[in-house]
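Take a look at the letters that make up each chain.
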Amino acid sequence: MFQSILAALAISGIFAAVSYRLRILNLSGSIATTALGTIILGLGGWVWIIPMLAFFLSASLLSIARKWRSGEIEEAKGSRRDAVQVLANGGLAGAVVLAQSFTKGDLYPVYLGVLAAVNADTWSTEIGVMLGRKPRNVISGRLVPAGTSGGATLMGLFGAVLGAILIAVVGEMVATASLPVIAMAGIFGSVFDSLLGATVQEKRRCPVCRKDTEMPRHCDQRTERIDGVPGVNNDVVNLLCGAMGGLITLFA
Ligand SMILES: [Zn+2]
(Lines give C-alpha, C1' and ligand atoms only; values in the text may rest on other atoms or scores of the structure.)
Protein backbone atom coordinates (compact mmCIF):
# COMPACT_ATOMS: atom_id res chain seq x y z
CA MET A 1 0.00 0.00 0.00
CA PHE A 2 2.81 2.43 0.94
CA GLN A 3 4.58 1.65 -2.34
CA SER A 4 1.47 2.19 -4.44
CA ILE A 5 0.90 5.57 -2.72
CA LEU A 6 4.49 6.61 -3.48
CA ALA A 7 4.08 5.54 -7.12
CA ALA A 8 0.77 7.44 -7.30
CA LEU A 9 2.45 10.54 -5.85
CA ALA A 10 5.19 10.40 -8.48
CA ILE A 11 2.78 9.89 -11.40
CA SER A 12 0.36 12.58 -10.15
CA GLY A 13 3.22 15.02 -9.56
CA ILE A 14 4.52 14.60 -13.11
CA PHE A 15 0.98 14.93 -14.49
CA ALA A 16 0.38 18.13 -12.48
CA ALA A 17 3.74 19.57 -13.55
CA VAL A 18 2.91 19.00 -17.23
CA SER A 19 -0.51 20.61 -16.71
CA TYR A 20 1.21 23.56 -15.06
CA ARG A 21 3.59 23.93 -18.02
CA LEU A 22 0.62 23.79 -20.41
CA ARG A 23 -1.00 26.59 -18.37
CA ILE A 24 -4.04 24.43 -17.52
CA LEU A 25 -3.32 24.73 -13.77
CA ASN A 26 -1.70 27.43 -11.63
CA LEU A 27 0.64 26.53 -8.74
CA SER A 28 -2.07 25.91 -6.13
CA GLY A 29 -4.09 23.96 -8.71
CA SER A 30 -1.05 21.75 -9.42
CA ILE A 31 -0.57 20.99 -5.72
CA ALA A 32 -4.28 20.14 -5.31
CA THR A 33 -4.15 17.95 -8.43
CA THR A 34 -1.09 16.09 -7.10
CA ALA A 35 -2.86 15.43 -3.76
CA LEU A 36 -6.10 14.38 -5.43
CA GLY A 37 -4.31 12.12 -7.94
CA THR A 38 -2.28 10.49 -5.16
CA ILE A 39 -5.48 9.64 -3.23
CA ILE A 40 -7.44 8.38 -6.24
CA LEU A 41 -4.62 6.41 -7.91
CA GLY A 42 -2.92 5.31 -4.69
CA LEU A 43 -6.03 4.11 -2.85
CA GLY A 44 -8.34 3.37 -5.77
CA GLY A 45 -6.02 2.34 -8.61
CA TRP A 46 -6.42 2.62 -12.37
CA VAL A 47 -10.12 1.72 -12.42
CA TRP A 48 -10.80 4.86 -10.35
CA ILE A 49 -8.31 7.25 -11.96
CA ILE A 50 -9.32 6.58 -15.60
CA PRO A 51 -12.79 8.23 -15.38
CA MET A 52 -11.16 11.18 -13.54
CA LEU A 53 -8.63 11.46 -16.38
CA ALA A 54 -11.50 11.42 -18.90
CA PHE A 55 -13.01 14.39 -17.03
CA PHE A 56 -9.74 16.29 -16.62
CA LEU A 57 -8.52 15.79 -20.20
CA SER A 58 -11.86 16.41 -21.94
CA ALA A 59 -12.58 19.50 -19.82
CA SER A 60 -9.08 20.88 -20.50
CA LEU A 61 -9.34 20.21 -24.25
CA LEU A 62 -12.75 21.89 -24.46
CA SER A 63 -11.43 24.85 -22.50
CA ILE A 64 -8.43 25.17 -24.85
CA ALA A 65 -10.75 24.90 -27.88
CA ARG A 66 -12.97 27.68 -26.51
CA LYS A 67 -9.96 29.93 -25.82
CA TRP A 68 -8.70 29.27 -29.31
CA ARG A 69 -12.06 30.34 -30.78
CA SER A 70 -12.32 33.58 -28.84
CA GLY A 71 -10.30 35.48 -26.27
CA GLU A 72 -13.51 36.70 -24.64
CA ILE A 73 -15.10 35.43 -21.36
CA GLU A 74 -11.64 34.53 -20.02
CA GLU A 75 -12.04 36.80 -17.02
CA ALA A 76 -15.39 35.30 -16.09
CA LYS A 77 -14.02 31.94 -15.00
CA GLY A 78 -10.24 32.51 -14.97
CA SER A 79 -7.97 30.76 -17.44
CA ARG A 80 -5.82 28.53 -15.18
CA ARG A 81 -7.50 26.29 -12.65
CA ASP A 82 -6.57 27.02 -9.03
CA ALA A 83 -6.80 24.70 -6.00
CA VAL A 84 -10.32 25.84 -5.10
CA GLN A 85 -11.58 25.08 -8.61
CA VAL A 86 -9.79 21.71 -8.71
CA LEU A 87 -11.29 20.71 -5.34
CA ALA A 88 -14.76 22.09 -6.20
CA ASN A 89 -14.79 19.79 -9.23
CA GLY A 90 -12.74 16.81 -8.01
CA GLY A 91 -12.67 17.02 -4.20
CA LEU A 92 -15.94 15.21 -3.66
CA ALA A 93 -14.84 12.38 -5.98
CA GLY A 94 -11.62 12.14 -3.95
CA ALA A 95 -13.66 11.98 -0.72
CA VAL A 96 -15.68 9.10 -2.17
CA VAL A 97 -12.42 7.18 -2.88
CA LEU A 98 -11.30 7.82 0.72
CA ALA A 99 -14.67 6.61 2.02
CA GLN A 100 -14.46 3.52 -0.21
CA SER A 101 -11.06 2.54 1.18
CA PHE A 102 -12.35 2.71 4.77
CA THR A 103 -15.69 0.96 4.22
CA LYS A 104 -16.80 -2.27 2.59
CA GLY A 105 -19.61 -0.88 0.42
CA ASP A 106 -19.24 -0.44 -3.34
CA LEU A 107 -19.06 3.30 -3.86
CA TYR A 108 -17.80 3.14 -7.46
CA PRO A 109 -21.22 4.06 -8.96
CA VAL A 110 -21.45 7.04 -6.57
CA TYR A 111 -17.96 8.12 -7.65
CA LEU A 112 -18.99 7.90 -11.31
CA GLY A 113 -22.21 9.81 -10.59
CA VAL A 114 -20.23 12.67 -9.03
CA LEU A 115 -17.81 12.76 -11.98
CA ALA A 116 -20.61 12.47 -14.56
CA ALA A 117 -22.33 15.52 -13.02
CA VAL A 118 -19.25 17.76 -12.93
CA ASN A 119 -18.22 16.61 -16.41
CA ALA A 120 -21.73 17.22 -17.80
CA ASP A 121 -21.73 20.68 -16.24
CA THR A 122 -18.30 21.52 -17.70
CA TRP A 123 -19.18 20.23 -21.18
CA SER A 124 -22.50 22.10 -21.00
CA THR A 125 -20.74 25.41 -20.30
CA GLU A 126 -17.92 24.95 -22.82
CA ILE A 127 -20.07 23.67 -25.72
CA GLY A 128 -22.89 26.12 -24.90
CA VAL A 129 -20.47 29.06 -25.01
CA MET A 130 -18.73 27.84 -28.19
CA LEU A 131 -21.70 26.70 -30.27
CA GLY A 132 -24.87 27.81 -28.51
CA ARG A 133 -27.10 30.75 -29.35
CA LYS A 134 -27.83 33.44 -26.77
CA PRO A 135 -28.41 31.71 -23.41
CA ARG A 136 -31.57 32.26 -21.40
CA ASN A 137 -31.90 32.14 -17.62
CA VAL A 138 -33.43 28.71 -16.83
CA ILE A 139 -35.90 30.26 -14.35
CA SER A 140 -36.89 33.62 -15.82
CA GLY A 141 -36.32 32.87 -19.52
CA ARG A 142 -34.53 36.24 -19.90
CA LEU A 143 -31.55 36.50 -22.24
CA VAL A 144 -28.22 36.54 -20.34
CA PRO A 145 -24.59 36.99 -21.52
CA ALA A 146 -22.77 33.82 -22.66
CA GLY A 147 -21.08 31.98 -19.79
CA THR A 148 -23.48 33.33 -17.13
CA SER A 149 -24.33 30.78 -14.43
CA GLY A 150 -27.97 29.73 -14.62
CA GLY A 151 -28.08 30.46 -18.36
CA ALA A 152 -28.87 27.60 -20.72
CA THR A 153 -28.82 26.91 -24.44
CA LEU A 154 -29.94 23.91 -26.45
CA MET A 155 -26.31 23.21 -27.41
CA GLY A 156 -25.37 23.47 -23.74
CA LEU A 157 -27.93 20.80 -22.84
CA PHE A 158 -26.59 18.66 -25.71
CA GLY A 159 -23.09 19.12 -24.26
CA ALA A 160 -24.32 18.04 -20.81
CA VAL A 161 -25.79 14.84 -22.26
CA LEU A 162 -22.55 14.02 -24.13
CA GLY A 163 -20.39 14.84 -21.09
CA ALA A 164 -22.48 12.58 -18.83
CA ILE A 165 -22.45 9.75 -21.38
CA LEU A 166 -18.64 9.96 -21.71
CA ILE A 167 -18.15 9.21 -17.99
CA ALA A 168 -20.84 6.50 -18.06
CA VAL A 169 -19.19 4.79 -21.06
CA VAL A 170 -15.69 5.00 -19.57
CA GLY A 171 -17.02 3.66 -16.24
CA GLU A 172 -18.70 0.76 -17.98
CA MET A 173 -15.52 -0.02 -19.96
CA VAL A 174 -13.14 -0.16 -16.98
CA ALA A 175 -15.53 -1.70 -14.44
CA THR A 176 -19.13 -2.78 -14.11
CA ALA A 177 -21.35 0.27 -13.86
CA SER A 178 -24.89 0.94 -15.04
CA LEU A 179 -24.52 3.23 -18.06
CA PRO A 180 -28.10 4.67 -17.98
CA VAL A 181 -27.97 5.40 -14.23
CA ILE A 182 -24.60 7.19 -14.45
CA ALA A 183 -25.68 9.15 -17.54
CA MET A 184 -28.94 10.26 -15.86
CA ALA A 185 -27.05 11.21 -12.68
CA GLY A 186 -24.76 13.40 -14.78
CA ILE A 187 -27.54 15.08 -16.73
CA PHE A 188 -29.68 15.78 -13.65
CA GLY A 189 -26.63 17.00 -11.73
CA SER A 190 -25.91 19.48 -14.51
CA VAL A 191 -29.54 20.66 -14.64
CA PHE A 192 -29.43 21.08 -10.85
CA ASP A 193 -26.29 23.20 -11.30
CA SER A 194 -28.13 25.49 -13.74
CA LEU A 195 -31.10 25.80 -11.37
CA LEU A 196 -28.78 26.77 -8.48
CA GLY A 197 -26.95 29.15 -10.82
CA ALA A 198 -30.20 30.90 -11.67
CA THR A 199 -31.47 31.10 -8.08
CA VAL A 200 -29.13 31.02 -5.07
CA GLN A 201 -25.73 31.65 -6.71
CA GLU A 202 -24.18 35.04 -5.98
CA LYS A 203 -24.44 37.67 -8.68
CA ARG A 204 -21.80 40.37 -8.40
CA ARG A 205 -21.06 43.74 -10.01
CA CYS A 206 -17.86 45.70 -10.51
CA PRO A 207 -18.09 49.08 -8.72
CA VAL A 208 -15.72 50.65 -11.27
CA CYS A 209 -16.98 49.58 -14.71
CA ARG A 210 -20.47 48.45 -13.51
CA LYS A 211 -20.05 45.15 -15.34
CA ASP A 212 -21.93 42.10 -13.99
CA THR A 213 -19.44 39.35 -13.14
CA GLU A 214 -18.94 36.20 -11.06
CA MET A 215 -15.40 37.19 -10.08
CA PRO A 216 -14.68 38.38 -6.51
CA ARG A 217 -12.45 41.11 -7.98
CA HIS A 218 -12.69 43.26 -11.11
CA CYS A 219 -10.78 46.39 -12.22
CA ASP A 220 -8.53 45.89 -9.12
CA GLN A 221 -11.56 46.38 -6.85
CA ARG A 222 -13.67 43.99 -4.78
CA THR A 223 -16.95 43.37 -6.60
CA GLU A 224 -20.31 43.91 -4.84
CA ARG A 225 -22.90 41.20 -4.36
CA ILE A 226 -26.14 42.32 -6.01
CA ASP A 227 -28.17 39.11 -5.71
CA GLY A 228 -28.03 35.50 -4.48
CA VAL A 229 -26.97 33.92 -1.18
CA PRO A 230 -23.67 35.27 0.28
CA GLY A 231 -20.80 32.80 -0.21
CA VAL A 232 -22.62 30.64 -2.75
CA ASN A 233 -20.21 31.16 -5.64
CA ASN A 234 -19.52 29.09 -8.73
CA ASP A 235 -17.26 26.67 -6.81
CA VAL A 236 -19.93 25.96 -4.16
CA VAL A 237 -22.50 25.34 -6.90
CA ASN A 238 -20.09 22.95 -8.68
CA LEU A 239 -19.62 21.01 -5.45
CA LEU A 240 -23.41 20.73 -5.00
CA CYS A 241 -23.75 19.65 -8.64
CA GLY A 242 -21.37 16.72 -8.00
CA ALA A 243 -23.16 15.87 -4.74
CA MET A 244 -26.47 15.69 -6.62
CA GLY A 245 -24.91 13.33 -9.21
CA GLY A 246 -23.62 11.05 -6.45
CA LEU A 247 -26.93 11.10 -4.55
CA ILE A 248 -28.89 10.10 -7.65
CA THR A 249 -26.77 6.95 -8.08
CA LEU A 250 -27.26 6.13 -4.37
CA PHE A 251 -31.04 6.18 -4.75
CA ALA A 252 -31.29 4.78 -8.30
ZN1 LIG B 1 -14.66 46.35 -13.71
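Before reading on, note that the structure itself is shown above.
The rules behind each value
Residues numbered from 1 in each chain as written. Predicted model: local features only at pLDDT ≥ 70, side-chain atom pairs only at ≥ 80, totals over all residues. Helix = DSSP H or I, 4+ residues; strand = E, 2+ residues; numbered from the N terminus. Rg over C-alpha atoms; globule rule 2.2 N^0.38 Å. Buried ≥ 20, exposed ≤ 12 C-beta atoms within 10 Å, placed from the backbone. Contact = placed C-beta atoms within 7 Å. Pairing = 2+ DSSP bridges. Expected span 1.5 Å × (residues − 1). Core = buried A, V, L, I, M, F, W, Y, C linked by C-beta atoms within 7 Å.

Trainee: When you look at the overall build of the chain in this model, what are you seeing that I'm missing?
Mentor: What the chain contains, in helices and strands, is nine helices and seven strands. Taken over C-alpha atoms, the radius of gyration comes to 18 Å for the chain, in line with the 18 Å a tight globule of 252 residues would show. Going through the 252 residues of the chain one by one, you find that 47% of them count as buried. By sequence separation, contacts in the chain at least 24 residues apart represent 70% of the contacts at least 6 residues apart.

Trainee: What is the right way to look at the sheet that holds strand β7 (residues 224-227) in this model?
Mentor: Note: strands within a sheet are paired through backbone hydrogen bonds, in either parallel or antiparallel orientation. The strand order across the open sheet formed by three strands is β4-β3-β7, and the pairing between neighbours is antiparallel. On the outer flanks of this sheet lie β4 (212-213) and β7, each paired with one strand and no other. Bridge count for strand β3 (residues 203-205) against β4 is two bridges, and the pairing is antiparallel. In the strand pairing of β4, R204 is matched with T213.

Trainee: Which parts of the structure should I look at to understand the environment of T213?
Mentor: The residue T213 is located in strand β4 in this model. For T213, a count of 18 C-beta atoms within 10 Å gives the class partly exposed. Put simply, T213 and A252 are 39 residues apart on the chain and 37 Å apart in space, counted from C-alpha to C-alpha.

Trainee: Whenever I open this one, unusual backbone geometry confuses me. Can you help?
Mentor: In most cases, non-glycine residues show a negative phi, while peptide bonds are predominantly trans. Positive phi, close to 65°, is recorded for R23, a residue that is not glycine. Tracing the sequence through the fold places R23 in the loop between α1 (2-21) and α2 (27-44). On the neighbour-count criterion, R23 (12 C-beta atoms within 10 Å) is exposed.

Trainee: Would you mind going over helix α9 (residues 234-251) with me for this structure?
Mentor: An α-helix turns once per 3.6 residues; consequently, residues spaced three or four apart project the same way. Between its first and last C-alpha, α9 extends 26 Å over 18 residues, near the 26 Å set by a 1.5 Å rise per residue. For α9, the set of buried residues is N234, V237, N238, L240, C241, G242, M244, G245, G246, I248 and T249.

Trainee: I keep staring at the nonpolar core and nothing clicks. Help me out?
Mentor: Note that soluble globular proteins tend to have their nonpolar side chains buried in a common cluster. With 57 residues, the main nonpolar core has Y111, V114, L115, A116, A164 and I167 as its most contacted residues. Breaking this core down by element, the ones donating at least two residues are α2, α3 (46-69), α5 (83-102), α6 (108-131), α7 (154-174), α8 (179-198) and α9. A per-element tally of this core places α6 first, with twelve residues. Apart from residues no more than four positions distant in its own chain, A164 is found in contact with A116, N119, A120, A183, G186, I187 and S190.

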